[in-house]
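Overview (structure and organization)
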Amino acid sequence: MARVEVRHVSKSFGNITAVEDFSLVTSDGEFIALVGPSGCGKTSIMRMIAGLETVSEGQVLFDDKDVTNELPRDRDVAMVFQNYALFPHLNVYSNLAFGLQLRKTPKAEIEARVKNVVRMLDIEELLSRRPRELSGGQRQRVALGRAIMREPRVFLMDEPLSNLDAALRMEMRAEIIKLQERLGITTFYVTHDQVEALSMGDRVVVMRSGRLQQVGTPMELYERPTNSYVAGFIGSPPMNFLAARANGSTLTLEVQDVELELSGRLSAALRESGSANILLGVRPEHVALSDHPASDGLYSLEATVDTVEPLGHTILVRTKLSSQQHINVLVSEKIPWRAGAGVHLIFRPEHIYLFDKEADRLLCGLPA
Ligand SMILES: Nc1ncnc2c1ncn2[C@@H]1O[C@H](COP(=O)(O)OP(=O)(O)O)[C@@H](O)[C@H]1O
Ligand SMILES: [Mg+2]
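Here we summarise the structure given alongside this text. (Residues numbered from 1 in each chain as written. Chains lettered and ligands numbered in written order. Predicted model: local features only at pLDDT ≥ 70, side-chain atom pairs only at ≥ 80, totals over all residues. Heavy atoms only, no water.)

One pass over the full model with this rule turns up one cavity of 30 Å³ or more. Taken as a whole, the largest cavity spans an internal volume of roughly 30 Å³. As for the largest cavity, its lining consists of Val 6, Val 9, Phe 22, Ile 45, Met 48, Ile 49 and Val 60. At the level of elements, strand 1 (4–13) and helix 1 (42–50) are the ones that each hand at least two residues to the lining of the largest cavity. Top contributing element to the lining of the largest cavity by residue count: helix 1, with three residues. Residue composition of the lining of the largest cavity, by class: seven nonpolar, no polar and no charged. (1 Å grid on protein atoms, 1.4 Å probe; cavity = no way out; pocket = protein on both sides within 12 Å on 5 of 7 lines; lining within 4 Å. Points joined across faces, edges and corners; volume = space filled by probe spheres on them. Helix = DSSP H or I, 4+ residues; strand = E, 2+ residues; numbered from the N terminus. Nonpolar A, V, L, I, M, F, W, Y, C, P; charged D, E, K, R; others polar.)

Take the side chain of Thr 250 next. Checked against the element boundaries, Thr 250 lands in strand 12 (residues 250–253). A distance of 2.7 Å separates polar atoms of two side chains, one belonging to Thr 250 and the other to Asn 247. (Polar contact = N/O pair within 3.5 Å; in protein donor to acceptor, adjacent residues only side chain to side chain.)

Moving on: the packing of helix 3 (residues 92–102) against helix 4 (residues 107–121). A pair of packed helices is characterised by two quantities: the angle between their axes and the separation of those axes. Interhelical geometry of helix 3 versus helix 4 gives an angle of 135 degrees and a closest axis separation of 10 Å. Considered as vectors, helix 3 and helix 4 are oriented oblique to each other. Between helix 3 and helix 4 lies a crossing of right-handed hand. Along its contact with helix 3, which presents Tyr 93, Leu 96, Ala 97, Leu 100 and Gln 101, the element helix 4 presents Ile 110, Glu 111, Arg 113, Val 114 and Val 118. Its residues assigned to classes, the contact of helix 3 with helix 4 shows seven nonpolar, one polar and two charged. (Axes fitted to C-alpha atoms, helices over the stretch in contact; angles between N-to-C directions. Parallel < 35°, antiparallel > 145°, perpendicular 65-115°, else oblique. Left-handed = near helix turned anticlockwise from the far one by under 90°. Contact = heavy atoms within 4.5 Å.)

Another aspect to go through is the pattern of salt bridges. Tallying each qualifying case throughout the model produces 17 salt bridges. Residue Arg 141 pairs with Glu 175 through a salt bridge whose shortest N-O separation is 3.3 Å. Here Arg 141 is found in helix 5 (residues 136–149), whereas its partner Glu 175 is found in helix 6 (residues 166–183), with 34 residues between them in sequence. Across the pair, exposure class does not vary: Arg 141 and Glu 175 are buried alike. Two residues, Glu 350 and Arg 348, come together in a salt bridge whose shortest N-O distance is 2.9 Å. For Arg 348, a relative accessible area of 39% gives the class partly exposed. (Salt bridge = Lys/Arg side-chain N within 4 Å of Asp/Glu carboxyl O. Buried < 20%, exposed > 50% of the residue type's maximum accessible area, 1.4 Å probe, protein only.)

This part is about the packing of aromatic side chains. Counted according to the given criterion, the structure contains six aromatic pairs. Residues Phe 87 and Phe 98 carry aromatic rings whose centres are separated by 4.6 Å and whose planes lie at 55 degrees to one another, so their mutual orientation is tilted. Of this pair, Phe 87 sits in the loop between strand 6 (77–81) and helix 3 while Phe 98 sits in helix 3, placing them 11 residues apart in sequence. A network of ring pairs unites the aromatic residues Phe 241, Tyr 353 and Phe 355 as a single cluster. Across the ring face of Tyr 229, the terminal group of Arg 208 is positioned such that the distance to the ring centre comes to 4.3 Å. The ring of Tyr 222 has Arg 283 sitting right over it, with the charged end atom 4.2 Å from the ring centre. (Phe/Tyr/Trp six-rings, centres within 6.5 Å; stacked < 30°, edge-to-face > 60°. Lys NZ or Arg CZ within 6 Å of the ring centre and 35° of its normal.)

Laid out in structure tokens, this is it:
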């Protein structure tokens, strides 16, 4: 177990900057989910923490000790990858035992640890099988088992579940959370799936083009995303954005000639910032549909229903403003409208986010 500190770390490959000035301090035993689109530098960060890649600038510390120049084997981290990387010619027992055998751990101790690990992961009956005789989910369990055999100080998991189907992924997700809680090992978990990141991480790190955008608890990211990128990345379907001009305590939307009267909290935030070019954000789950415009104190926009997609417990209604911009709406009950119907989109002042469009930063999130 270790407190990991990544201090102003950058990584370049020739003239490609993979990671730029990345800093993060974990607490001991914390579960950090690292999320961002492909190519944003997630794997590079993991490899630098593991010592598999040198840093171009900055330092990595475990429990306040600088390990920047230590070899991977001296750092005592365990990695789990998307492609498992099991030895194909060894059975499950030997795959699990291999690392400890290399370290000349006594045989009796290895046997005891294997027994413990296979019980934890419910793979006792697979011990004599080779990897090719296992399903994808079983292989992933063995790969996890191999990582926990050594009881490392830090776990690094790089998209470990992306090869599994949706149902299995849910199951393994829950298992990894349980396992991590039980072992209390500081964990970095990389995913490109924001739902996975939010459901697993004590804190979530959102990356874009090699740069950290925001780190926070899932609720912090949801309620106070630092910019419209994080706001659009967290939540599915993503937040709707409307461009607007601020004038005093009203907002004039660009898409429709609609003036929104701002509440005290919102207009105070606007006044303080002095921003005039605004992005108004509202999440699909915070927009309601109606035959009538909103009553006082609520906001409403005219729109046309474009598509209606039942998602099971909710319905996604894609609507279109006269400007052709789409606004996604999530509703929980059956709706009487079909494609082409005119509706009013209704939302509450306490559910809107305001961003400065030029500086791309949050001016006002959800009320505390
Ligand atoms: N060994 C390498 N040589 C050159 N460029 C690399 C190398 N590894 C990664 N990159 C580049 O660095 C950027 C970040 O890559 P990576 O860390 O793998 O991102 P992610 O894991 O988020 O998909 C990408 O532009 C990628 O092409
Ligand atoms: Mg990667």
